[in-house]
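Close look at the chain arrangement
Each chain is listed here by its residues.
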Amino acid sequence: MTQAQEATAPAREGFDEITILWISEGMSCDGDTVSMTASAQPSIEDLVNGRIPGLPKVNLHNKVLSPAVGGEQFLAPFRAAARGELDPFILVIEGSIPNENVNGDGFWTSFGNDPDTGEPMTLNRWIDMLAPRAWAVVAAGTCAAYGGIHAMAGNPTGCMGLADYLGWDFRSAGALPIVNVPGCPIQPENFMETLTWVLYHAAGSAPPPPLDSMLRPQWLFGKTVHEGCDRGSYYEQADFARDYNSPKCQVKVGCWGPVVNCNVPKRGWMGGLGGCPNVGGICIACTMPGFPDKFMPFMDQPPGGSLSTMLIKPYGAFIRRMRAITNRTANREPKWHHKRDALTSGYDPRWRP
C-alpha cells in the first residue's frame, strides 16, 4: 500500500481491549475450564499476557483462574456488565441451563446473591442480563451447547443448551450467533483456537468464525471421527476389534465414530497425543446434540453398525487378500540387486552421442 493509499484508507474497526466474563455455574463439573488450561496452541497464559500478535488486550474473569479473593470482589465485573458499565465483553457459559420455572421452592443454580433481597441469583438471571449486552456469546462444552449429561431423559431440572434458552436465532451485540464448542469436556485447543478467532474478529482483523447448522466451528467439526481415525483403514478392510485390547476398528464394541462430528483423532488431546479411539477408547459421541440419550447404552454396538459391517465384510476380505499379495511383492528387493558381472537394472544411456 502506498503512502497516499494509507492516508485515505478507512480506519480499521475493532477493539483494543476486551473482557471475558466466564460463568461456570451452569449444571456442570467445571471440567471444561480445567481442560482449557491444558491448551498450548494457544495457551490461556499467552492470551491473557498479550503474547499473541494482533489480539486485543484480554481481561479474563474465571473463578478457577481469577486472582480475586472471591465474593463481591470477583462478582464486581459481572455486576458492572449487567448495569451496562462494562463494554465490550465476551460472555462464556459453562454448564447446562436449567429450567428455573420448575424448581419448586428452591433454585437449581446460584451465582452470587441479589444485593437487595439476599436471594441467590440464578444462572438464568445472569444470562438474561448479560447475553443481550455481550459482544459475543460462547458455549464452552456440550452441557452449555446442547444440555449434555444433565439434560438427559428423566432429569428433574429441565436442563437445556444455551441456544435452546436464548433461541437458535439469537444474535449478540456484535451480531454473532452463539458459538458452540462442544466436548465432554472440550478439547483444549479446539476451544482456545475458536476463542482466538472470535478475538481476532473483535480486533477487526478477521471475519466471523464460520459455524455449522448446530453453531459449531466448521473447520473443527466438519469431519467425522472416523474420517480422521488411525483405525479407519481396519474398517475399510472389515477387520473389527472384538475387545478393547485390539488395535483394530472398534465399531463392533460400541464406537460411534463413523457418524460423529469431531476432530479429536487427528488433533489428539494434549500436545497432539491421545484422543479417544487413538488410545483404545470408543467414541461415545460427546460432541453431538443428541448426547448422551441417542448413543446409549455405551459399549453396545451402534444400531447401524451391524448392517454396515455386514455389507463391507466381503469387500474388506477381498481387499485384505489383494493387499497381502501386493505386500509380499513390495517386501522383495528388485532382481537387479546383485554382484554379478552383468548390469541388469535396465540402464540404457541412449541419449548419449
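Residues numbered from 1 in each chain as written. Predicted model: local features only at pLDDT ≥ 70, side-chain atom pairs only at ≥ 80, totals over all residues. Heavy atoms only, no water.

What to know about the overall build of the protein chain
Test applied: A run of H or I in DSSP counts as a helix once it spans at least four residues, and a run of E counts as a strand once it spans at least two, with each numbered from the N terminus. Note on method: radius of gyration uses C-alpha positions; expected globular size equals 2.2 Å times residues raised to 0.38. Summary of the burial criterion: residues with accessible area below 20% of their type's maximum are buried, those above 50% are exposed, and those between are partly exposed, where the area comes from a 1.4 Å probe applied to protein chains only. Contacts between residues were defined by any pair of non-hydrogen atoms, one from each residue, lying within 4.5 Å. Using a 1.4 Å probe, the Shrake-Rupley method yields the accessible areas, and only the shown protein chains count as cover for residues. Positive charge is attributed to Lys and Arg, negative charge to Asp and Glu, and no charge count is given to His or to the chain ends. Charge positions come from single atoms, namely NZ of Lys, CZ of Arg, CG of Asp or CD of Glu.
When helices and strands are tallied, the protein chain shows 13 helices and five strands. For a compact globule of 353 residues, the expected C-alpha radius of gyration is about 20 Å, and the protein chain comes in at 27 Å, more than 25% above that figure. The C-alpha extent of the protein chain, read off along each of the three principal axes, is 100 × 65 × 35 Å. Residues classed as buried in the protein chain amount to 46% of the 353 residues present. The long-range fraction of contacts in the protein chain, counting pairs at least 24 apart against all pairs at least 6 apart in sequence, stands at 72%. A total accessible area of about 18,400 Å² is found for the protein chain, and carbon and sulfur atoms account for 55% of it. The average position of the 29 basic charges and that of the 34 acidic charges among the side chains of the protein chain differ by 19 Å.

Considerations on the confidence of the model for the protein chain
Selection criterion: Think of pLDDT as the predictor's per-residue confidence, scored from 0 to 100.
Averaged over the protein chain, the pLDDT score is 92; the fraction of residues at 70 or greater is 96%. Below a pLDDT of 50 lies the segment residues 5-11, which in the model reaches two contacts outside its immediate sequence neighbourhood of four places, other chains included.

Some remarks on the pattern of salt bridges
What counts is decided by this rule: Between Lys or Arg on one side and Asp or Glu on the other, a salt bridge is scored when a side-chain nitrogen of the former is within 4 Å of a carboxyl oxygen of the latter.
Taken as a whole and assessed by the stated rule, the structure comprises eleven salt bridges. One salt bridge in this structure joins Arg 267 and Glu 193, with 2.5 Å as the shortest N-O distance. Within this pair, whereas Arg 267 is found in helix H12 (residues 264-267), its partner Glu 193 is found in helix H8 (residues 188-202), the two being separated by 74 residues in sequence. The salt bridge partner of Arg 216 is Asp 212, with a shortest N-O separation of 2.9 Å. We classify Arg 216 as buried; its relative accessible area is 6%. Residue classification places Asp 212 among the buried positions, given a relative accessible area of 19%. What you see here is one network of salt bridges that share partners, running through Glu 25, Asp 30 and Lys 63.

Here's the deal with the environment of Thr 117
This is how the line gets drawn: Polar contact is the term for a pair of N or O atoms within 3.5 Å; when the atoms are in protein, one must be able to donate a hydrogen and the other to accept it, and sequence-neighboring residues count only if both atoms are side-chain atoms.
Structurally, Thr 117 is set in the loop between strand E3 (89-94) and helix H5 (123-130). A distance of 3.2 Å separates the side chain of Thr 117 from the backbone nitrogen of Glu 119, its partner in a polar contact.

A look at a positive patch on the surface
Spelled out, the test is: Each patch is built from residues lacking any salt bridge and having more than 30% relative accessible area; the joining distance is 9 Å for like charges and 5 Å for nonpolar side chains (Val, Leu, Ile, Met, Phe, Trp, Tyr).
A cluster of basic residues, Arg 242, Lys 313, Arg 320 and Arg 321, forms a positive patch on the protein surface. Position of Arg 320 among the secondary structure elements: in helix H13 (residues 303-330). Looking at Arg 320, the relative accessible area reads 32%, which means it is partly exposed.

Concerning the environment of Gly 158
Within the secondary structure, Gly 158 is located in the loop between helix H6 (142-146) and helix H7 (162-166). Gly 158 sits in the partly exposed class, given a relative accessible area of 30%. Taking C-alpha positions, Gly 158 is 8.9 Å from Asn 101, a pair spaced 57 residues apart along the chain. Dropping the residues within four chain positions of it, Gly 158 is found in contact with Ile 97, Pro 98 and Asn 99.

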